[in-house]
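# Structural characterization, general
This is what each chain is made of:
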Amino acid sequence: AHPIPVITIDGPTASGKGTVSHLVAQQLGFHYLDSGALYRLTALSALRKGVALGDEHALAKLARALHCSFAGEDVFLGQENVAAAIRAEEVGNTASKIAALPAVRQALFGLQLDFHKAPGLVADGRDMGSVIFPHAPLKVFLTASVEARAERRYKQLIGKGFPANMDDLLKDLRERDERDTNRKVAPLKPAEGAYVLDTSAMNAQQAVEQVLGWYAGLKKQHVV
Ligand code: CDP
Ligand code: CDP
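This is a predicted model, so every value here is computed, not measured.

Conventions adopted
- Residues numbered from 1 in each chain as written.
- Chains lettered and ligands numbered in written order.
- Predicted model: local features only at pLDDT ≥ 70, side-chain atom pairs only at ≥ 80, totals over all residues.
- Heavy atoms only, no water.
- Axes fitted to C-alpha atoms, helices over the stretch in contact; angles between N-to-C directions.
- Helix = DSSP H or I, 4+ residues; strand = E, 2+ residues; numbered from the N terminus.
- Parallel < 35°, antiparallel > 145°, perpendicular 65-115°, else oblique.
- Left-handed = near helix turned anticlockwise from the far one by under 90°.
- Contact = heavy atoms within 4.5 Å.
- Nonpolar A, V, L, I, M, F, W, Y, C, P; charged D, E, K, R; others polar.
- Phe/Tyr/Trp six-rings, centres within 6.5 Å; stacked < 30°, edge-to-face > 60°.
- Buried < 20%, exposed > 50% of the residue type's maximum accessible area, 1.4 Å probe, protein only.
- Near = heavy atom within 4 Å.
- Areas by Shrake-Rupley, 256 points an atom, 1.4 Å probe, with all protein chains shown as cover.
- Salt bridge = Lys/Arg side-chain N within 4 Å of Asp/Glu carboxyl O.

### Some words on the packing of helix 8 (residues 146-159) against helix 9 (residues 166-182)
Contact pair helix 8 / helix 9: the axes reach a minimum separation of 9 Å and the direction vectors enclose 120 degrees. By the angle between their directions, the pair helix 8 and helix 9 is classed as oblique. When you trace helix 8 past helix 9, the crossing you get is right-handed. On helix 9, the residues touching Val-146, Glu-147, Arg-149, Ala-150, Glu-151, Arg-153, Tyr-154 and Leu-157 of helix 8 are Met-166, Leu-169, Leu-170, Leu-173, Arg-174 and Asp-177. When its residues are assigned to classes, the contact of helix 8 with helix 9 shows eight nonpolar, no polar and six charged.

Have a look at this one:
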């Protein structure tokens, strides 16, 4: 029989990875790994504890000791539901900074593999296809123009009651893209064999249908 299937969905911030991965997982009845949430949880923890963002050793220790759990839309740090708190832009920016540290990435490695359970997994992040699940039968690289992504993030933040400003968002997104793309460890780029999907002119449902279509194609060929 085939090993437990994994679909990896990597891409830049606000490309729709979370939304698309969630819906694909729901359709297939698969588990879902939001690997960005693990970096965000580590960042939130560091910000709260006042750990210096240059202290790689202390940050890796925090990441290793992370007590988190996921239930639907909820994300728990210990007993506290931090689903909204980890979505703040400051936490995302801090996450992107600490994610450049090899010891932090190493500390979160095993935790991510734990999500690989029957009947299957949809894994969302930056290095799901390149580093964490390099043998995934279906790898997707979701992308969209920086303008389209800034607009999506703007609507999302306003909708959740966070303050948002389009110029700041564009600047933040460009900085984050730059940092995620140019870092030495696990830089953001399409994994070998990944299908690249530019969703600038697509809605989330169309992106979901494309991914499900690719997966159905692999089933037909008995690859999964
Ligand atoms: O939602 P958004 O794409 O903005 O971010 P996220 O997926 O929640 O991830 C937050 C930050 O964590 C990103 O900017 C990345 O720097 C980092 N990250 C990573 O390095 N590797 C992953 N597999 C997932 C996230
Ligand atoms: O996880 P990532 O940061 O890549 O993106 P997200 O948190 O899923 O946010 C994407 C936002 O854009 C959501 O509000 C989606 O409804 C919307 N969107 C999308 O995901 N895909 C499109 N093709 C168009 C819009």
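### Some thoughts on the packing of aromatic side chains
For the coordinates displayed, the defined rule picks out three aromatic pairs. Taking the centre distance of 5.9 Å and the plane angle of 90 degrees together, the rings of Phe-30 and Tyr-215 count as edge-to-face. Here the residue Phe-30 occupies a position in the loop between helix 1 (17-28) and strand 2 (31-34), and Tyr-215 occupies one in helix 10 (residues 204-220), the gap between them amounting to 185 residues. Neither Phe-30 nor Tyr-215 differs from the other in exposure class; each is buried. With centroids separated by 5.9 Å and ring planes inclined at 75 degrees, the aromatic side chains of Phe-70 and Phe-115 adopt a geometry described as edge-to-face. Remark: Phe-115 occurs in the loop between helix 6 (109-113) and strand 6 (121-125) and Phe-70 occurs in strand 3 (residues 68-71); sequence separation between them is 45 residues. Accessibility expressed as a relative area gives 18% for Phe-115, which makes it buried.

### Section: the site of ligand 1
Taken together, 20 residues sit near ligand 1, with Thr-13, Arg-40, Arg-105, Asp-180 and Arg-183 positioned nearest. When the free accessible area of ligand 1 is taken as 510 Å², the share hidden by the protein chains comes to 96%. Ranked by residue count, the leading element in the shell around ligand 1 is helix 2 (residues 35-49), at four residues. Within the shell around ligand 1, the residues separate by chemical class into five nonpolar, five polar and ten charged.

### Observations regarding the pattern of salt bridges
Counting across every chain of the model gives ten salt bridges. Across the pair Arg-48 and Glu-80 runs a salt bridge, and its minimum N-O distance is 2.9 Å. With Arg-48 in helix 2 and Glu-80 in strand 5 (residues 80-81), the pair connects residues that are 32 residues apart, well separated along the chain. Through salt bridges that share partners, Arg-126, Asp-180 and Arg-183 make up one connected network.

### Focus on unusual backbone geometry
Cis geometry marks the peptide bond from Ala-118 to Pro-119, where omega comes out at 5 degrees. Within the fold, Pro-119 resides in the loop between helix 6 and strand 6. Even without being glycine, Ala-14 reaches a positive phi, approximately 65 degrees. Note that Ala-14 resides in the loop between strand 1 (6-10) and helix 1.

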